Amino acid sequence: MLEDINTVIVIVMDTRDKGVFLTGGAQGLGRGIVVKLLSLGAKVFFVDVDVERGKATQVELQTQYGADVVFFQPADVSDGEQHKAAFDAAVSTLGAVEICVNNAGIMAEDKWEKVLAVNAGSHIRGSLLALEHMRRDRGGRGGVIINVASLAALYPKSICPSYTASKHAVIGFTTSWAMNPDHKDHGVRWCCLCPATFQSGMVDLKRLGDLDTDTIAEILQKQGFVEISQVVEGVMKLMRDPDNNGAILEVSLEKGARYRRRQVVDRDGVSDLVVVDTY
Ligand SMILES: NC(=O)C1=CN([C@@H]2O[C@H](COP(=O)(O)OP(=O)(O)OC[C@H]3O[C@@H](n4cnc5c(N)ncnc54)[C@H](O)[C@@H]3O)[C@@H](O)[C@H]2O)C=CC1
Ligand SMILES: CCCCC/C=C\C=C\C(=O)C/C=C\C/C=C\CCCC(=O)O
């Protein structure tokens, strides 16, 4: 009797020896992603505007993983020149960048121009720098760009309109590039991460400008937090599947990690968008 064997072989992106450029890696989610990638054998170049914390993180991680696999450069990614200089330094240090994580972000409703410059501007610039470097049709190796958005990219949030606008911009930009007809030639995948609230420097109520901290504390208490480790696993999920492009991955307490939308790359080109869920 013949057995019915349905074997599905999934080849995941191997992160070993891959060059990674990440923004906002000194603490919080960025640091969590750096640690995970180092544990999987990647080489990471991270930047942060917080010089002291960045240096301390570099020293700690070099002691644990080796001086030749993790590098920190101070940079304010709302400044185009600093951002480009840091990306160029990453390429010359690592040889090539195949994974770019645009993670740096701020919440400061009283400084909306800065919020847009960091949360949207640096994600757009970082993506374009990475695309230009990675694209196979111009001599690169292909790769993946992960843009860290938020649940606030998917819903209106009356408490932080500028932050919400900046995150909606990230989704619009990333998913539009994912539909680019040259995808097959350039070989660069585009993904967005949309986590719910997790404990980090951003959830320091002293840093939230003139927002009503009592109300916020009450809301956060009621909602609860996802773990950074869950969010980091979401990043890995986006990164690993080499056919995954145009994905929006939500990570929430209620639903765990689930795709809102993704576009699977067909070997002959870019397939139709697969709408997994709508809101
Ligand atoms: N904490 C949360 O609940 C959530 C955060 N996010 C997003 O996750 C990302 C990471 O945030 P967290 O880890 O929570 O915050 P965090 O404040 O702990 O870490 C952010 C890092 O980015 C750095 N940074 C800020 N502005 C920068 C600039 N101009 N140039 C370079 N580095 C800069 C900070 O110095 C900091 O080290 C952000 O994009 C944030 O919007 C998304 C959903 C939920
Ligand atoms: C001003 C609210 C502070 C919330 C905690 C700090 C950072 C959270 C960043 C996020 O990206 C979390 C995702 C979405 C929540 C945004 C605001 C929460 C407001 C409450 C709500 O309407 O859900």
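Only a predicted model underlies this, so the values are computations on that prediction, with no experimental measurement involved. (Residues numbered from 1 in each chain as written. Chains lettered and ligands numbered in written order. Predicted model: local features only at pLDDT ≥ 70, side-chain atom pairs only at ≥ 80, totals over all residues. Heavy atoms only, no water.)

Quick look at the site of ligand 1
Inspection of the region around ligand 1 gives 31 residues, with Asp 48, Asp 76, Asn 103, Tyr 163 and Ser 200 positioned closest. Between ligand 1 and Asp 48 there is a distance of 2.6 Å, counted from an oxygen atom to a side-chain nitrogen or oxygen. Within the backbone of Asn 103, one N or O atom sits 2.7 Å away from an oxygen atom of ligand 1. About the coverage of ligand 1: the protein hides 96% of its 810 Å² of free accessible area. When its residues are assigned to classes, the shell around ligand 1 shows 16 nonpolar, 10 polar and 5 charged. (Near = heavy atom within 4 Å. Polar contact = N/O pair within 3.5 Å; in protein donor to acceptor, adjacent residues only side chain to side chain. Areas by Shrake-Rupley, 256 points an atom, 1.4 Å probe, with all protein chains shown as cover. Nonpolar A, V, L, I, M, F, W, Y, C, P; charged D, E, K, R; others polar.)

Observations regarding the pattern of salt bridges
Evaluated as defined, the whole model comprises 12 salt bridges. The salt bridge involving Glu 250 is made with Arg 260; its shortest N-O contact spans 2.3 Å. Placement of the pair is Glu 250 in strand 7 (residues 244-252) and Arg 260 in strand 8 (residues 256-266), with a sequence separation of 10 residues. By relative accessible area, Glu 250 is classed as buried at 3%. Arg 260 gets classed as buried once you look at its relative accessible area, which sits at 3%. Linked by salt bridges that have partners in common, Glu 250, Arg 258 and Arg 260 make up one network. (Salt bridge = Lys/Arg side-chain N within 4 Å of Asp/Glu carboxyl O. Helix = DSSP H or I, 4+ residues; strand = E, 2+ residues; numbered from the N terminus. Buried < 20%, exposed > 50% of the residue type's maximum accessible area, 1.4 Å probe, protein only.)

Some remarks on the site of ligand 2
Near ligand 2 there are 17 residues, and of these Ser 150, Lys 157, Tyr 163, Thr 197 and Gln 223 occur at the shortest range. Within the complex, the protein chains bury 88% of what would otherwise be the 550 Å² of accessible surface of ligand 2. Per element, the largest residue contribution to the shell around ligand 2 is 4 residues, and it comes from helix 7 (residues 213-223). Across the shell around ligand 2, the residue classes break down as 13 nonpolar, 3 polar and 1 charged.

A word on the nonpolar core
Core analysis: the largest hydrophobic core is formed by 44 residues, its most contacted members being Leu 193 and Met 239. With near-sequence residues (within four places) excluded, Leu 193 lies in contact with Leu 29, Asn 147, Val 148, Ala 149, Ser 150, Val 231, Gly 234, Val 235, Leu 238, Leu 249 and Val 251. Core analysis: the second largest hydrophobic core is formed by 25 residues, Val 47, Val 91, Leu 94 and Met 134 among them. (Core = buried A, V, L, I, M, F, W, Y, C linked by side-chain atoms within 4.5 Å. Contact = heavy atoms within 4.5 Å.)

Here we look at the packing of aromatic side chains
Scanning the model with the defined rule gives 5 aromatic pairs in all. Note on Phe 21 and Phe 45: the rings are 6.3 Å apart at their centroids and 25° apart in plane angle, and the pair reads as stacked. With Phe 21 in strand 1 (residues 19-23) and Phe 45 in strand 2 (residues 43-48), this residue pair connects regions lying 24 residues apart in the sequence. Across this residue pair, the class does not change: Phe 21 and Phe 45 are buried. With a centroid separation of 5.9 Å and an interplanar angle of 75°, the aromatic rings of Phe 173 and Trp 190 are classed as edge-to-face. Of this pair, Phe 173 sits in helix 5 (residues 161-178) while Trp 190 sits in strand 6 (residues 188-195), placing them 17 residues apart in sequence. Grouping residues by exposure puts Phe 173 and Trp 190 together as buried. Within the aromatic cluster, the residues linked to one another by ring pairs are Phe 21, Phe 45 and Phe 87. The aromatic ring of Tyr 259 is capped on one face by Arg 262, whose charged end is 4.5 Å from the ring centroid. (Phe/Tyr/Trp six-rings, centres within 6.5 Å; stacked < 30°, edge-to-face > 60°. Lys NZ or Arg CZ within 6 Å of the ring centre and 35° of its normal.)

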